[in-house]
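# Tertiary structure, described
Each chain, written out:
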Amino acid sequence: MQKRTLELLKTYHLKATPQRLEILSAIESLGHANIDEIYEIAKKRHSTMSLATVYKNVTALLEKNILKEVALNNFKSKYEVTKERHAHLVCKECGYVEDIKLDNDINNISKSISLKNNFEFNDIELNIYGICSKCQN
């Protein structure tokens, strides 16, 4: 992860500060994390890191498209490292978020919608809400 993170930061002309590396590491370790979760993990390794530093760096990483915001109904937004197109399974009970791969069906649907509505897609965000296996038990 460290090498990939360094390459990402270099590509987007951002300094690889200890704070940025720790924030990205926290997000990678959880897969999806809200600001509070990122802060709690990052603060364990960098006790002087402030919540404002986390917000400032997350904003900078969002602007460079290194991170993507996952807006959730009834939960704080979570953040993930930008990756290939995918959807999210979201637990309505605990807020757990899991990535699922989108197959060709969604591409076919988006093309059909695009043609019917004369609308050019550049991104699709899909959250599927339900109850995760842990909360079902």
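Up top you'll find the structure we're talking about.
Attention here is on the structure that accompanies the text. The structure displayed is predicted, hence computed values, not measured ones.

As a further point, take a nonpolar patch on the surface. A cluster of nonpolar side chains, contributed by Ile109, Ile113, Phe119 and Phe121, occupies part of the molecular surface with about 360 Å² of accessible area. Along the polypeptide, Phe121 turns up in the loop between helix 5 (104-117) and strand 5 (127-130).

The next subject is the pattern of salt bridges. Summed over all chains, the structure comprises 6 salt bridges. Note that Asp36 is salt-bridged to Lys76, the shortest N-O span being 2.1 Å. Of the two residues, Asp36 is situated in helix 3 (residues 35-45) and Lys76 in the loop between strand 1 (67-70) and strand 2 (78-81); the sequence distance between them amounts to 40 residues. Classification of Asp36 as partly exposed rests on a relative accessible area of 32%. Accessibility expressed as a relative area gives 52% for Lys76, which makes it exposed. A salt bridge links Lys83 to Glu80, with the shortest nitrogen-to-oxygen separation between them at 3.6 Å.

So, about the packing of helix 1 (residues 2-11) against helix 2 (residues 18-30). Where helix 1 meets helix 2, the closest approach of the two axes is 11 Å, and the angle between their N-to-C directions is 125 degrees. On the basis of their axis angle, the class for helix 1 and helix 2 is oblique. Where helix 1 crosses over helix 2, the handedness of that crossing is right-handed. Facing Gln2, Arg4, Thr5, Leu6 and Leu9 of helix 1, the residues of helix 2 in contact are Arg20, Leu21, Leu24 and Glu28. Counted by class, the contact of helix 1 with helix 2 contains 4 nonpolar, 2 polar and 3 charged residues.

Below, the discussion takes up the nonpolar core. Among the nonpolar cores identified, the biggest contains 20 residues, and Ile23, Ile27, Ile38, Val54, Val58 and Leu61 are the most heavily contacted of them. Listing elements by their share of this core, those giving two or more residues are helix 2, helix 3, helix 4 (51-63) and strand 2. Sort the elements by how many residues they give to this core and helix 2 lands first, with 5 residues. For Ile27, the residues in contact, after removing those within four places along its chain, are His32, Ala33, Ile38, Leu67, Tyr79, Glu80 and Val81.

Cut-offs applied
Residues numbered from 1 in each chain as written. Predicted model: local features only at pLDDT ≥ 70, side-chain atom pairs only at ≥ 80, totals over all residues. Heavy atoms only, no water. Patch = residues over 30% accessible without salt bridge, like charges linked within 9 Å, V, L, I, M, F, W, Y side chains within 5 Å. Areas by Shrake-Rupley, 256 points an atom, 1.4 Å probe, with all protein chains shown as cover. Salt bridge = Lys/Arg side-chain N within 4 Å of Asp/Glu carboxyl O. Helix = DSSP H or I, 4+ residues; strand = E, 2+ residues; numbered from the N terminus. Buried < 20%, exposed > 50% of the residue type's maximum accessible area, 1.4 Å probe, protein only. Axes fitted to C-alpha atoms, helices over the stretch in contact; angles between N-to-C directions. Parallel < 35°, antiparallel > 145°, perpendicular 65-115°, else oblique. Left-handed = near helix turned anticlockwise from the far one by under 90°. Contact = heavy atoms within 4.5 Å. Nonpolar A, V, L, I, M, F, W, Y, C, P; charged D, E, K, R; others polar. Core = buried A, V, L, I, M, F, W, Y, C linked by side-chain atoms within 4.5 Å.

So yeah, pure geometry; function would need other evidence.
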